[in-house]
Number of protein chains: 2
Amino acid sequence: MGTVLRNIRPVEPERRTIHARFEGKSFETISETRDLQTPNDQIIEGGGRLAFSGFVNAHTHLAMVAFRGLADDVPLHTWLEDHVWPLERLLEPEDVYWCTLLAIAEGIRSGTVAFADMYFHNDEIARAVEESGVRALLCYAAIAPSMQDRGRAEIDASVGIVDRWEGAADGRIRTAISLHALYTCGEDVWRAGIDAAADRGVPIHTHVAETRRETVEWREQTGMSPVMWLDRVGAFEVPLLAAHCVHVDEDDIAVLAERGAFIAHCPKSNAKLGSGIAPIAAMLDAGVHVAVGTDGAASNNRLDMLEEMRAVWMLQRASHEDPMTPSAAQVVELATENGRRALGLDPGGFVEGRPADVVLVDPDRLHATPDHDPTAMLAYASSGLDVTDVIVDGRVLMRNGDLLTIDEEKVKSEVNRLLRRLNT
Amino acid sequence: MGTVLRNIRPVEPERRTIHARFEGKSFETISETRDLQTPNDQIIEGGGRLAFSGFVNAHTHLAMVAFRGLADDVPLHTWLEDHVWPLERLLEPEDVYWCTLLAIAEGIRSGTVAFADMYFHNDEIARAVEESGVRALLCYAAIAPSMQDRGRAEIDASVGIVDRWEGAADGRIRTAISLHALYTCGEDVWRAGIDAAADRGVPIHTHVAETRRETVEWREQTGMSPVMWLDRVGAFEVPLLAAHCVHVDEDDIAVLAERGAFIAHCPKSNAKLGSGIAPIAAMLDAGVHVAVGTDGAASNNRLDMLEEMRAVWMLQRASHEDPMTPSAAQVVELATENGRRALGLDPGGFVEGRPADVVLVDPDRLHATPDHDPTAMLAYASSGLDVTDVIVDGRVLMRNGDLLTIDEEKVKSEVNRLLRRLNT
């Protein structure tokens, strides 16, 4: 038995209505005529909905939904040190499981099919990913001043996730080694992490140059920029997923481009925490691979990639007084295909043989009327809540607004119970 | 017969659950106990929803929803001259009526109770406002190089709206004189408009310093900034609602503060068209009255004040690298009470005697879980689509997601028919 998606309108420059059949995990037939199905096929009537391969959230801490709306309006370092870290110490594995499920549900509801997560209690996170049906790049973020001082245990924990989960859930789970940041891990810890990533053939996921203070202090301490330091310790010898990169200069950008780094641009979080505006237009000019992430919900406060896409163009165009960069088509590309590349996923799209990852968006909304152009509608007018259907790896995760793999009410009640326990 | 709103949670610093009764247009009783109603009262069960007086969209061109998604990604002057203006010439009064209704419906759906509109075919716009039940400040924007060259007719048209509509719809309709902009109206046209506004006791609504080019050229031509020029011609002798004010300097800001001007800050439109980032943090420091508007849907592409509020904090915090300004409470104030002041409305809020303007927002959404703080939820997490109920002047315009005064399907179909006629 296969599935036929009828009457969908791909979000692409050429305007067409297509029908797509998949059996198992990949598209078997893409056609502009209706007579696709074989007997016993399940039919999903698209009714002219917009269709694309789904958003990829290239940097997040899913379980941080627990801290959404808590301690807003403070700077990053205060927020981390005085608010977030003390609460995180109280989280049990089961808490992280429920919070991650809530975050995944929120992501599915707004059209996200894959997440690059960085957190702890990762076995529970992997279980949530496995059950919910999404794709994820998982990692445990090592934090240690040196290999002697907690470093060995932290690197082992990070490697443990790779060894236990790489390729799990039928390949939907991929893993990375993670060093939390330059300023939270000693050089020997970095070198051990890079070696482990190279050894296992997985990427590194880290935070780079998020705040001005961190970047200025790094230069004072080491005499070089965070990006140059990463280059010196060999971090670009493996695929590197670098969240933020707000405070990078022209030379840094040249290195990021040349070394093929993946940037996870998190504009809303950078705005909310007052971290700044990453030079994305310059990065795109230089050929840097830019993907988009929401960061955790505590600093966003949503996990809605449509909102994030809006933040990308708003901040770039406003700060550069340039109405053309990035274009609607560019931001859609950053939030979808560039994210797939950053997470090591096969390309998406309505092409035979490609993964059956599909998100449908209802165009028949007041706020999206009239219906001039699918790309513009997605980039400028649609809401994350207009997403009606989500298919990942050939499995339907949401159908007409109903989540099929996650018990939403149960998840909300478990998260609310946790919050009462933490007494926030 | 009165109406009792039960179990609502005001979006205010103190957290409380209240019950509110209104009969006619104003709140009669606000209470923290449930036993409010008299026999025959209609009961609206709030179920713990967030409640506030609704958003005020302080600058828009409602009927421009027709051009949503058309000619994106071009600079302001190209967009106006090559795309928007040629199409606007084809709009019939009836078209403007339907497009305005669609825009009002979109606004109601996302919690907007009042609009400052600037457009033409204003009698049809007034009819849409009257029927739909919202509040509006309406004006016809005069465009004329001099009083001899079209100016007399344009000013007469602008005055005609005031004379026909001021105070209509039981006071929900207010009017202004409008000069479209400094660069589109001659000095004598400006002086005539100011005299007319003073004479009739209404404000002026205009566009000021939206783009760098316009502002630089204005300085070259007149030797002074747009704000200083406005001061010289006496525009601040009447209440002035100045949209944009992106390219204003410290001296301009001091004048705007001293003269009590109202700024309609339109951050998304300014971003999308590459116009820049208005110095809102500095304006707030100087005590300028800042309200928030979406501008027209063609340059936004939404009329969603929640999205606009997000754009306010994102652009200010990111560009100033300051996570505290504006705060969640400040952006809510700008988008609600400051808008009321800018439009000359009575203050809102749950206080006996104040207008029964109420918007309810459902907090029980994945993307708003957990429920830490109502102000943070509104500023950071809620979506415009979480709005469930809208009451204006004691009349229920939306109940549990159903629009009661606008036939949404009819409106969409009329707007789509118009678009087919224009052959865009």
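Since we're looking at a predicted model, the values are computed, not measured.

Attention now moves to the overall build of chain A. From N to C terminus, chain A includes 15 helices and 18 strands. Against the globule reference of 22 Å for 424 residues, chain A gives a C-alpha radius of gyration of 21 Å, in line with a compact fold. With respect to the three principal axes, the spread of C-alpha positions in chain A is 65 × 45 × 40 Å. Here chain A holds 424 residues, and the buried ones make up 62% of them. Considering only intrachain contacts with a sequence separation of at least 6, the fraction spanning at least 24 residues in chain A is 74%.

Residue and element names in this part refer to chain B. Across the 5 residues of strand 11 (residues 204-208), 5 count as buried, placing the element largely inside the fold. Residues Ile204, Thr206 and Val208 of strand 11 are buried on one face, and the alternating residues His205 and His207, pointing to the opposite face, are buried as well. Pairing analysis gives 3 bridges linking strand 10 (residues 177-181) to strand 11, with the strands arranged parallel. Following the sheet pairing, Ala181 is matched in strand 11 by His207. Here strand 11 runs beside strand 12 (residues 240-244); their pairing, made up of 5 bridges, is parallel. By the bridge assignment, Ile204 is partnered in strand 12 with Leu240.

What follows is about the environment of Met305 of chain A. Residues and elements named next belong to chain A. With respect to the element layout, Met305 can be found in helix 11 (residues 305-320). Each C-alpha atom, one on Met305 and one on Val332, is 9.9 Å from the other, the two residues being 27 residues apart in sequence. Beyond its immediate chain neighbours, meaning those up to four positions away, Met305 contacts Phe55, Asn57, Ser110, Gly111, Thr112, Val292, Thr294 and Ala335.

Okay, the interface of chain A and chain B next. Taken together, the contact between chain A and chain B spans 55 residues of the former and 55 residues of the latter. Sort the elements by how many residues they give to the side of chain A that touches chain B and helix 11 of chain A lands first, with 6 residues. When the residues that make up the side of chain A that touches chain B are grouped by side-chain class, the tally is 25 nonpolar, 14 polar and 16 charged.

What follows concerns the domain arrangement of chain A. Size of an interface, as often reported, equals the accessible area lost when the parts are brought together. Residues and elements named next belong to chain A. When cut into domains, chain A gives domain 1 (3-53 + 350-403) and domain 2 (55-342). Centre-to-centre, using C-alpha coordinates, domain 1 lies 29 Å away from domain 2. Counting from both sides, the interface comprises 23 residues of domain 1 and, opposite them, 22 residues of domain 2. Broken down by secondary-structure element, the contributors of at least two residues to the side of domain 1 that touches domain 2 are strand 15 (358-361), helix 14 (374-381), strand 16 (387-392) and strand 17 (395-399). Looking at which element gives the most residues to the side of domain 1 that touches domain 2, the answer is helix 14, with 5 residues. Per-class residue counts for the side of domain 1 that touches domain 2 are 15 nonpolar, 5 polar and 3 charged.

Given 3.6 residues per turn, any residue in an α-helix points the same way as the ones three and four places further on. Residue and element names in this part refer to chain B. For helix 15 (residues 408-422), with 15 residues, the first-to-last C-alpha span of 21 Å sits near the 21 Å given by 1.5 Å per residue. Those residues of helix 15 lying buried are Val411, Val415, Leu418 and Leu419. In an axial view of helix 15, the angular spread of the buried residues amounts to 100°, which keeps them on one side of the axis. Exposed residues pointing more than 90 degrees away from the buried face of helix 15 are listed as Glu409, Lys410, Arg420 and Arg421.

Below, the discussion takes up the sheet that holds strand 5 (residues 55-60) of chain B. All names here are of chain B. If you trace the 4 strands from one edge of the open sheet to the other, you get 5-6-7-9, paired in parallel fashion. Whereas interior strands pair on both sides, the edge strands pair on one side only; in this sheet they are strand 5 and strand 9 (173-175). Direction aside, the axes of adjacent strands within the sheet are offset by 15° on average. Relative to strand 7 (residues 135-138), strand 6 (residues 112-117) runs parallel, the two sharing 3 bridges. Bridge pairing in strand 7 links Phe115 to Ala136.

To continue, consider the relation of the copies chain A and chain B. The transform that puts chain A on chain B rotates by 180° and translates by 0.0 Å along the axis, for an RMSD of 0.0 Å. As the rotation angle and translation indicate, the two copies are arranged about a two-fold axis. When C-alpha distances to the rotation axis are compared across chain A, the minimum falls at Leu315 of chain A, with a value of 3.2 Å. Of the residues that chain A buries at the interface, 100% are likewise interface residues in chain B, meaning the two copies contact each other through the same surface.

If you look at the biggest cluster of nonpolar residues, it comprises 300 residues, and the most contacted ones within it are Ile263 and Ala264 of chain A together with Ile263 and Ala264 of chain B. In this structure Ile263 of chain A touches Ala242, Cys245, Leu256, Met283, Val288, His289, Val290 and Ala291 of chain A, once residues within four positions along its chain are discounted.

If you walk across this open sheet you meet the 8 strands as 3-2-1-4-15-16-17-18 (chain B), and the pairing is mixed. Strands at the two margins of the open sheet, each flanked by one partner only, are strand 3 (26-31) and strand 18 (402-403) of chain B.

Another point: helix 5 (residues 187-200) of chain A. All names here are of chain A. In this model, helix 5 (14 residues) spans 20 Å end to end at C-alpha, consistent with the 20 Å of a helix rising 1.5 Å per residue. Buried-residue contacts for helix 5 involve strand 8 (141-142), helix 4 (151-165), strand 10 (177-181) and strand 11 (204-208). Directly beyond the C-terminal end of helix 5, a positive phi value near 70° is found at Gly201.

Here we take up the confidence of the model for chain A. For chain A, the mean per-residue pLDDT works out to 95, and 100% of the residues sit at or above 70. Across the predicted assembly, pTM comes out at 0.97 and ipTM at 0.96.

How two helices pack is summed up by the angle between their axes together with the distance between the axes. Residues and elements named next belong to chain A. Here helix 12 (residues 328-335) crosses helix 14 at 70°, and the two axes come no closer than 9 Å. Considering the angle they form, helix 12 stands roughly perpendicular to helix 14. Of the residues in helix 14, those in contact with Ala328, Ala329, Val331 and Val332 of helix 12 are Thr375, Ala376, Leu378, Ala379 and Tyr380. Looking at the contact of helix 12 with helix 14 residue by residue, the classes come out as 8 nonpolar, 1 polar and no charged.

Let us now look at unusual backbone geometry. With an omega dihedral of -5°, the bond running from Thr325 of chain B to Pro326 of chain B counts as a cis peptide bond. Here Pro326 of chain B shows up in the loop between helix 11 (305-320) and helix 12 (328-335). The omega angle of the peptide bond from Thr369 of chain B to Pro370 of chain B is -5°, so this bond is cis rather than trans. Secondary-structure assignment places Pro370 of chain B in the loop between strand 15 (358-361) and helix 14 (374-381). For Cys245 of chain A, which is not glycine, the phi torsion reads 45° and is therefore positive.

Let's shift gears to the environment of Ser158 of chain B. All names here are of chain B. The residue Ser158 is located in helix 4 (residues 151-165) in this model. Ser158 sits in the buried class, given 28 other C-beta atoms within 10 Å. Through-space distance from the C-alpha of Ser158 to that of Ile263 is 21 Å; in sequence the pair is 105 residues apart. In contact with Ser158, other than residues within four places in its own chain, are Cys139, Tyr140, Ala142, Ile177, Ser178 and Gly193.

What follows deals with the pairing of strand 15 of chain A. Within a regular beta strand, the side chains point alternately toward one face of the sheet and then the other, so they alternate between its two faces. All names here are of chain A. Side chains Val358 and Leu360 project from strand 15 onto one buried face, and the interleaved Val359 and Val361 project onto a second face that is buried too. The pairing of strand 4 (residues 42-52) with strand 15 spans 3 bridges and is classified as antiparallel. Paired with Ala51 across the two strands is Leu360, which belongs to strand 15. Note that strand 15 and strand 16 share 4 bridges and pair antiparallel. Across the sheet, the residue bridging to Leu360 is Asp389, located in strand 16.

Calculation rules
- Residues numbered from 1 in each chain as written.
- Chains lettered and ligands numbered in written order.
- Predicted model: local features only at pLDDT ≥ 70, side-chain atom pairs only at ≥ 80, totals over all residues.
- Helix = DSSP H or I, 4+ residues; strand = E, 2+ residues; numbered from the N terminus.
- Rg over C-alpha atoms; globule rule 2.2 N^0.38 Å.
- Buried ≥ 20, exposed ≤ 12 C-beta atoms within 10 Å, placed from the backbone.
- Contact = placed C-beta atoms within 7 Å.
- Pairing = 2+ DSSP bridges.
- Nonpolar A, V, L, I, M, F, W, Y, C, P; charged D, E, K, R; others polar.
- Domains from an automatic or database assignment.
- Expected span 1.5 Å × (residues − 1).
- Arc of directions from axis to C-beta.
- Axes fitted to C-alpha atoms, helices over the stretch in contact; angles between N-to-C directions.
- Least-squares fit on C-alpha atoms with pLDDT ≥ 70 in both.
- Core = buried A, V, L, I, M, F, W, Y, C linked by C-beta atoms within 7 Å.
- pLDDT = per-residue confidence, 0-100.
- Parallel < 35°, antiparallel > 145°, perpendicular 65-115°, else oblique.

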